[in-house]
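Overview (structure and organization)
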Amino acid sequence: MIIAAPSREKTDQSETPGSLESFLGSREESQGTVQTAEQERSSEPYGERKYEEILEARVKEVLSQTEGVGQVDVLIVLKSSGQKIYQKDERSVTSSTREQDSAGGNRDSSQEEQQSTTVILGGGQDEPLLESELLPEISGIVISAQGGDNPSIQAEITEAMEALFGLPAHKIKVLKRKG
């Protein structure tokens, strides 16, 4: 019996340090996650929900190792989806004409033409060249921790989330976990 699982090979040209793919890929590898063929065929390889889950797992992992926090659950809500910006090849042509009629009147006319095309990678790949990728924006975080009733623990968790995600304190809620 042969069992086949999709592999995730890294290529230097498709992943750059700091890209969403390298961030998510390194996290998946460290957790030993193997995607099923159906998950790979989804419309977006790293959708918003997957991004939320990875962030939640990382925050949970760090907070659970912090003294006084105890067991923790994390909920992260995204405000917007990520955005991919592709390289464009832009061309602009401007022409102007000045005409004078026999009665001495002048007429000026100008014409501007702009053309924009997406740059496609060569070598038979037929993929657009990715210029930059913006990660989804976080709307708020709710953390339920065993030590969540302690004001100093609440303050530490809130400060950590402010530093990590750049969120204002009013968008971070720390609750006392039951049990």
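Conventions and cut-offs
Residues numbered from 1 in each chain as written. Predicted model: local features only at pLDDT ≥ 70, side-chain atom pairs only at ≥ 80, totals over all residues. Heavy atoms only, no water. Helix = DSSP H or I, 4+ residues; strand = E, 2+ residues; numbered from the N terminus. Buried < 20%, exposed > 50% of the residue type's maximum accessible area, 1.4 Å probe, protein only. Contact = heavy atoms within 4.5 Å. Polar contact = N/O pair within 3.5 Å; in protein donor to acceptor, adjacent residues only side chain to side chain. Core = buried A, V, L, I, M, F, W, Y, C linked by side-chain atoms within 4.5 Å. Expected span 1.5 Å × (residues − 1). pLDDT = per-residue confidence, 0-100. Salt bridge = Lys/Arg side-chain N within 4 Å of Asp/Glu carboxyl O. Axes fitted to C-alpha atoms, helices over the stretch in contact; angles between N-to-C directions. Parallel < 35°, antiparallel > 145°, perpendicular 65-115°, else oblique. Left-handed = near helix turned anticlockwise from the far one by under 90°. Nonpolar A, V, L, I, M, F, W, Y, C, P; charged D, E, K, R; others polar. Pairing = 2+ DSSP bridges.

When helices and strands are tallied, the protein shows four helices and seven strands. The linear arrangement of helices and strands in the protein, starting from the amino end, is α-α-α-β-β-β-β-β-β-α-β. Among the 179 residues that make up the protein, the fraction classed as buried is 22%. Counted over contacts in the protein with a minimum sequence separation of 6, partners at least 24 positions apart contribute 65%.

With that settled, consider the side chain of R177. Checked against the element boundaries, R177 lands in the segment after β7 (172-176). Since its relative accessible area comes to 19%, R177 is described here as buried. One polar contact links R177 to D73, side chain to side chain, over a distance of 2.5 Å. Residues contacting R177, with those up to four places away along its chain left out, are Q71, V72, D73, S144, A145 and Q146.

On to the nonpolar core, then. Counting 19 residues, the largest nonpolar core has L63, I141, I143, I157 and M161 as the members making the most contacts within it. When residues of this core are traced back to their parent elements, those giving at least two are α3 (48-64), β1 (72-78), β6 (138-145), α4 (151-165) and β7. Residues within four places of I141 in sequence aside, it is in contact with V74, L75, I76, M161, F165, L167, K171, I172 and K173.

Our next topic: α3. With 17 residues, α3 should cover 24 Å at 1.5 Å per step; its first-to-last C-alpha distance of 24 Å lies within 8% of that length. Among the residues of α3, Y51, E52, I54, L55, E56, V59 and L63 are the ones counted as buried.

Considering the arrangement of structural elements, one finds S144 in strand β6. Among residues more than four places away in sequence, those in contact with S144 are Q71, V72, D73, L175, K176 and R177.

Here the protein shows a mean pLDDT of 75. Residues at 70 or above account for 74%. Long-range and interchain partners of residues 4-45, a stretch whose pLDDT sits below 50, account for 44 contacts in this model, where long-range means more than four residues apart.

Per the stated rule, a full pass over the model turns up nine salt bridges. With a shortest N-O distance of 2.5 Å, D73 and R177 are connected by a salt bridge. One end of the pair, D73, is in strand β1; the other, R177, is in the segment after β7, with 104 residues separating them in the sequence. Its relative accessible area of 35% is what places D73 among the partly exposed residues. The salt bridge involving E113 is made with R91; its shortest N-O contact spans 3.7 Å. Of this pair, E113 sits in strand β4 (residues 106-118) while R91 is found in strand β3 (residues 88-100), placing the two residues 22 residues apart along the sequence. Assessed through its relative accessible area of 43%, E113 is described here as partly exposed. The network of salt bridges with common partners includes R49, E52, E53 and E56.

The next point concerns the packing of α3 against α4. At a minimum axis distance of 12 Å, the contact between α3 and α4 shows a crossing angle of 140°. Between α3 and α4, the angle is such that the two are oblique. The crossing of α3 and α4 is right-handed. Packed against α3, whose contacting residues are L55, V59 and L63, the element α4 presents I157, M161, L164 and F165 at the interface. Tallied by class, the residues present in the contact of α3 with α4 amount to seven nonpolar, no polar and no charged.

What follows is about the sheet that holds β7. Strand order in the open sheet formed by three strands is β1-β6-β7, and the pairing between neighbours is mixed. Only two strands of the sheet have a single neighbouring strand rather than two, namely β1 and β7. Put simply, the sheet's adjacent strands are angled 15° from each other on average, direction ignored. Where β1 meets β6, seven bridges bridge the pair, whose relative direction is antiparallel.

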